[in-house]
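Observations on the model geometry
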Amino acid sequence: MEATGTDEVEKIKSKFMSAWHNMKYSWVLKTKTYFSRNSPVFLLGKCYHFKTDESGELSGDGSNFDKITTEISGNVEEFRKDFISRIWLTYREEFPQIKGSALTTDCGWGCTLRTGQMLLAQGLMLHFLGRAWVWPDALDIDNSDAESWTAHTVKKLTASFEASLTAEREPKILSNHHQPTVKRNCDDSERRNEVYHRKIISWFGDSPLAAFGLHQLIEYGKKSGKIAGDWYGPAVVAHILRKAVEEARDPELQGVTIYVAQDCTVYSSDVIDRQCSFMDSGKADTKAVIILVPVRLGGERTNTDYLEFVKGILSLEYCVGIIGGRPKQSYYFAGFQDDSLIYMDPHYCQSFVDVSIKDFPLESFHCPSPKKMSFKKMDPSCTIGFYCRTVQDFEKASEEITKMLKSSSKEKYPLFTFVKGHSRDYDFASSPLREEHDLFSEDEKKRLKRFSTEDFVLL
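Structure report, in brief. Computed from a predicted model, the values in this text were never measured in an experiment.

In this section: the overall build of the protein. Looking only at helices and strands, the protein has twelve helices and 15 strands in total. Taken over 459 residues, the protein has a buried fraction of 55%. Within the structure as shown, the protein displays about 21000 Å² of accessible surface, and the carbon and sulfur contribution to it stands at 52%.

Written as structure tokens, this is what we have:
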């Protein structure tokens, strides 16, 4: 009986914290973001120009965008469509209880896992849909909903309190942005793309069975000493994502693998070995690889000397973004304008969506408005991601990024390096044989433990 009482207290506490974080961060979605007309905007390798005859700034608010679309030949609309089409994964509440805890929300602690999910989602979108794909319904999201989100949050807080005090389930308050979009006629290609669009989102659903859902990521995180409710750093999340892709059993995912750089070094032969490993079907087809590089852009603060390199990375079409943020507050960086980074913020708590049902609503998985942040405010600890479909793509990317690293490095040592050969050729001990059910080797556990402190050696 005492245990049941404790669980109820935890549930009430969890509900209150969800509502509190929702109120705390809802202003972020309501504030407008301004873009200069005179500078190009880059979003995951694509460049957009907003230049017009008039000088001034453009607001990221949808209504203002619509007013000036005709003046700039639709380029703002193209940017909006591209940005909204990226998959947005945020805090959620009222999802199935996380194993080994009373938690039914990740509000306040799951932001880096969410930004990691967004990076992986972009990699999978490149793999299955290509960079040119945009969601046909992207511009149907009603941006005016952002204006009502704060009021909606206050209602949720009140309802949550009342439900908790009466030991009832929290009443659901539906807002306009969860209404289904208008169905449109589409050809076979569009239908195929929409199937993959939904499938990719379903892999990140907040249920124990979803391959890259929060529940699974937390299970893999336990092997590195992390539990639900802990804060996860960008480097630890990189290794968790690698393990999640390795363990995924969906046949569609057998053609993708993840490689995580070791001590800021990408060993080319190790990457190619991963790409050339046999598929479950026994075919010798190469796998696409998502390369994750945990780095540190300075000591206690980000070194502005790295700005040009970061901008260069986000200018590449095969870049899948950066897991970063402010200190103890993770964002998914996807682009830039001038010296400001464009990001998606996971710190908005939305209601659980059951992605197992047919035609589940997609709107809450797409961000209606971009946000910007000065590069100077960025936390130095981050993880950079790239996608390479073939071995040839990887070799081309390694050459291109190596040139970029050399040209941007004012010091003797670049931020990270690509070297030929295997890690074992450089006196790194090979990973010991692991037990069948042991997801991380002893060597990996030690490395993850070291990463969990976000301790990097600055050369």
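Read on, since the account is not over.
Another aspect to go through is helix H8 (residues 234–247). Counted at 1.5 Å a residue, the expected span for H8 with its 14 residues is 20 Å, and the 20 Å between its end C-alpha atoms agrees. Of all the 14 residues making up H8, twelve are buried; the element is thus mostly covered by neighbouring parts of the structure. Three or more residues of H8 are buried, namely Pro234, Ala235, Val236, Val237, Ala238, His239, Ile240, Leu241, Arg242, Lys243, Ala244 and Val245.

Taken as a whole and assessed by the stated rule, the structure comprises 14 salt bridges. The residue Asp206 makes a salt bridge to Arg114 at a minimum N-O spacing of 3.0 Å. Remark: Arg114 occurs in helix H4 (residues 111–128) and Asp206 occurs in the loop between helix H6 (188–203) and helix H7 (214–222); sequence separation between them is 92 residues. Judged by its relative accessible area of 6%, Asp206 falls in the buried class. Asp339 is the salt-bridge partner of Lys311, the closest N and O atoms lying 3.6 Å from each other. Here Lys311, found in helix H10 (residues 307–314), pairs with Asp339, found in the loop between strand E10 (329–337) and strand E11 (340–344); they are 28 residues apart in sequence, far enough to count as distant.

Moving on to the side chain of Thr115. Note on placement: Thr115 falls in helix H4. The exposure class of Thr115 is buried, given its relative accessible area of 0%. Not counting chain neighbours up to four residues away, the residues in contact with Thr115 comprise Ile323, Ser330, Tyr331, Tyr332 and Pro346.

Here we come to the pairing of strand E6 (residues 256–260). With five of five residues buried, E6 is to be regarded as a mostly interior element. Every second residue of E6 is oriented toward a common face, with Val256, Ile258 and Val260 on one face and Thr257 and Tyr259 on the other, all of them buried. Two strands pair when backbone bridges link them, and E6 and strand E8 (residues 288–296) are joined in this way by five bridges, in the parallel orientation. Residue pairing for E8: Ile258 is matched across the bridge by Ile290.

Right, let's get into the environment of Ala248. Relative to the helices and strands, Ala248 resides in the loop between H8 and E6. The spatial distance from the C-alpha of Ala248 to the C-alpha of Ala210 is 9.3 Å, given a sequence separation of 38 residues. In this structure Ala248 touches Ala211, Phe212, Leu253 and Gln254, once residues within four positions along its chain are discounted.

Below, the discussion takes up helix H9 (residues 268–275). Taken together, the buried positions of H9 are Ser268, Asp270, Val271 and Gln275. For H9, the buried positions fall inside an angular range of 165° around the axis, keeping them on one side. Where H9 is buried, its residues meet E6, strand E7 (265–267), E8, strand E14 (381–388), helix H11 (391–408) and strand E15 (417–419).

Turning our eyes to something else, we now look at the nonpolar core. Formed by 71 residues in total, the largest nonpolar core has its most connected members in Phe79, Leu120, Leu124, Ile200, Trp203, Phe204 and Phe212. Considering every element that reaches this core, the biggest residue donor is H4, with nine residues. With sequence-adjacent residues up to four places away left out, Leu124 is seen in contact with Leu129, Ile200, Trp203, Phe204, Phe212, Leu253 and Val256. Counting residues in each nonpolar core, the second largest holds 40 residues, with Ile313, Leu316, Cys319 and Phe386 among its members.

The next point concerns the packing of H7 against H8. Interhelical geometry of H7 versus H8 gives an angle of 110° and a closest axis separation of 9 Å. The angle between H7 and H8 places the two elements in the roughly perpendicular class. Viewed along their axes, H7 and H8 form a crossing whose handedness is right-handed. Note on element contacts: H8 touches H7 through Ile240, Leu241, Lys243, Ala244 and Glu247, opposite Leu217, Tyr220 and Gly221.

Conventions used here
- Here the residue index of a chain counts from 1 through its sequence in written order.
- Per-residue local features of the predicted model are confined to residues with pLDDT of at least 70, and side-chain atom pairs are confined, for both listing and counting, to 80 or more; whole-chain, interface and lining totals are unaffected and use all residues.
- For side-chain calculations, the full set of non-hydrogen atoms in the structure is used, while hydrogens and water are omitted.
- Runs of H or I in DSSP of at least four residues are treated as helices and runs of E of at least two as strands, each being numbered from the N terminus.
- Between buried and exposed lies partly exposed: a residue is buried under 20% and exposed over 50% of the maximum accessible area for its type, with that area taken using a 1.4 Å probe on protein chains only.
- Here the accessible surface of atoms and residues is derived via Shrake-Rupley with a 1.4 Å probe, and residues count as covered only by protein chains that are part of the display.
- Helices are assigned an expected span. That span is 1.5 Å times one less than the residue count.
- For this analysis, a salt bridge means a side-chain nitrogen from Lys or Arg found within 4 Å of a carboxyl oxygen belonging to Asp or Glu.
- A contact between two residues is defined here by any heavy atoms of the two lying within 4.5 Å.
- In this analysis, strands are considered paired if DSSP registers two or more bridges between them.
- To be clear, the arc concerns the directions from the helix axis to the C-beta atoms.
- Remark: nonpolar core denotes a set of buried residues (Ala, Val, Leu, Ile, Met, Phe, Trp, Tyr, Cys) joined through side-chain atoms within 4.5 Å.
- To define axes, lines are fitted to C-alpha atoms, for helices over the stretch in contact only, and angles between the resulting N-to-C directions are given on a 0 to 180 degree scale.
- Convention used here: angles under 35 degrees read as roughly parallel, angles over 145 as roughly antiparallel, angles from 65 to 115 as roughly perpendicular, and any remaining angle as oblique.
- For a crossing to be left-handed, the near helix must be turned anticlockwise from the far one by less than a right angle; the clockwise case is right-handed.

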